[in-house]
Amino acid sequence: MQKRQFLGRAALAGMAAAALPASQAAAAAANNAGPALLTVTGAVGKVNRGRFDPVRDQMMFKQKLSFDKAHAFDFAALAALPAITIQPTLEYDGKVHTLRGPLLLDVMRAAGASLGDAGKLVLRAVDGYAAVVTVAQARAQRYIVATHLDGAPMALGGLGPLWAVYDADKVPEMAAKPLAERFGSCPWALYHIEVQV
């Protein structure tokens with residue numbers, strides 16, 4: 001579908017929703033969750049989306065992913081989880097920045113993931129970059145799924161909309177490393193996590 005047609009149809013859908021009585025519009029909005037920003041696959045127990053579809057899931061298809069069950073989070077679902085704030089020094093400008101979002105393991109719990117210390121989380125970015133962290137590492141280093149940078153939602157095309165990250169300044173063995181070596185296990189533009197047990 002061409003972009004112009006898509007935008008035109010989206011505008012018509014919005015006008016149609018506005019014409020509904022308030023109670024019907026609220027019901028329609030409740031049934032229309034936002035687009036999935038994060039898909040969690042593997043050892044998950046709370047499934048809320050269908051299996052992998054090579055047409056619908058083009059990015060995953062191109063990155064050779066596949067799954068039978070998954071839990072998808074939109075922005076509202078992530079924002080509904082308790083959030084924490086960290087203030088690491090970032091490698092991009094050498095300055096302290098404020099990042100906010102739920103703990104990575106809280107996101108995994110919301111997906112019903114198996115979280116034994118020996119388990120692994122494969123964190124994948126939209127460009128295909130993947131990092132593997134153990135559940136024990138995610139717990140000890142207090143990884144978050146950052147949704148905000150310096151008080152503003154992170155945009156796709158920047159570091160967002162999601163970033164798996166921790167406060168490297170507060171992890172002694174990482175703080176001792178040069179800035180450029182502290183965040184190799186922190187993919188920005190995070191969109192997929194595979195839970196391995």
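Scroll up for the structure.
The text that follows walks through the structure, step by step, so that each part is easy to find. Being a predicted model, the structure only gives us computed values, none of them experimental.

## A few points about the sheet that holds strand 4 (residues 99–102)
An order of 3-4-8-9 is seen for the four strands of this open sheet, with the pairing classed as antiparallel. In this open sheet, the two strands that pair with only one neighbour each are strand 3 (83–86) and strand 9 (152–153). Where strand 8 (residues 148–149) lies against strand 9, two bridges are found, and the strand directions are antiparallel. In the strand pairing of strand 9, His148 is matched with Pro153.

## A word on the nonpolar core
Counting residues in hydrophobic clusters, the biggest one holds 42 residues, and the most contacted among them are Met108 and Leu121. Counting residues per element, the ones that place at least two in this core are strand 1 (38–42), helix 5 (104–110), strand 5 (120–125), helix 6 (135–140), strand 7 (144–146), strand 10 (163–165) and strand 11 (190–196). Top element by residues in this core is helix 5. It accounts for four residues.

## A short note on the environment of Thr39
If you trace the backbone, Thr39 turns up in strand 1. Sequence separation between Thr39 and Leu190 is 151 residues; the distance between their C-alpha atoms is 9.5 Å. Setting aside anything within four residues of it in sequence, one finds Thr39 in contact with Arg49, Met60, Phe67, Ala70, His71, Ala72, Tyr191, His192 and Ile193.

## So, the pairing of strand 5
In terms of burial, strand 5 is largely enclosed, as five of its six residues are buried. Alignment of strand 5 against strand 6 (residues 130–134), held across five bridges, turns out to be antiparallel. Across the sheet, Val122 pairs through a bridge with Val132, a residue of strand 6. Connecting strand 5 to the antiparallel partner strand 6 that follows it, the hairpin turn spans four residues, and Gly128 within it adopts a positive phi of roughly 95°. Note: strand 5 against strand 11, six bridges, orientation antiparallel. Residue pairing for strand 11: Leu121 is matched across the bridge by Val195.

Cut-off values and rules
Residues numbered from 1 in each chain as written. Predicted model: local features only at pLDDT ≥ 70, side-chain atom pairs only at ≥ 80, totals over all residues. Heavy atoms only, no water. Pairing = 2+ DSSP bridges. Helix = DSSP H or I, 4+ residues; strand = E, 2+ residues; numbered from the N terminus. Core = buried A, V, L, I, M, F, W, Y, C linked by side-chain atoms within 4.5 Å. Buried < 20%, exposed > 50% of the residue type's maximum accessible area, 1.4 Å probe, protein only. Contact = heavy atoms within 4.5 Å.

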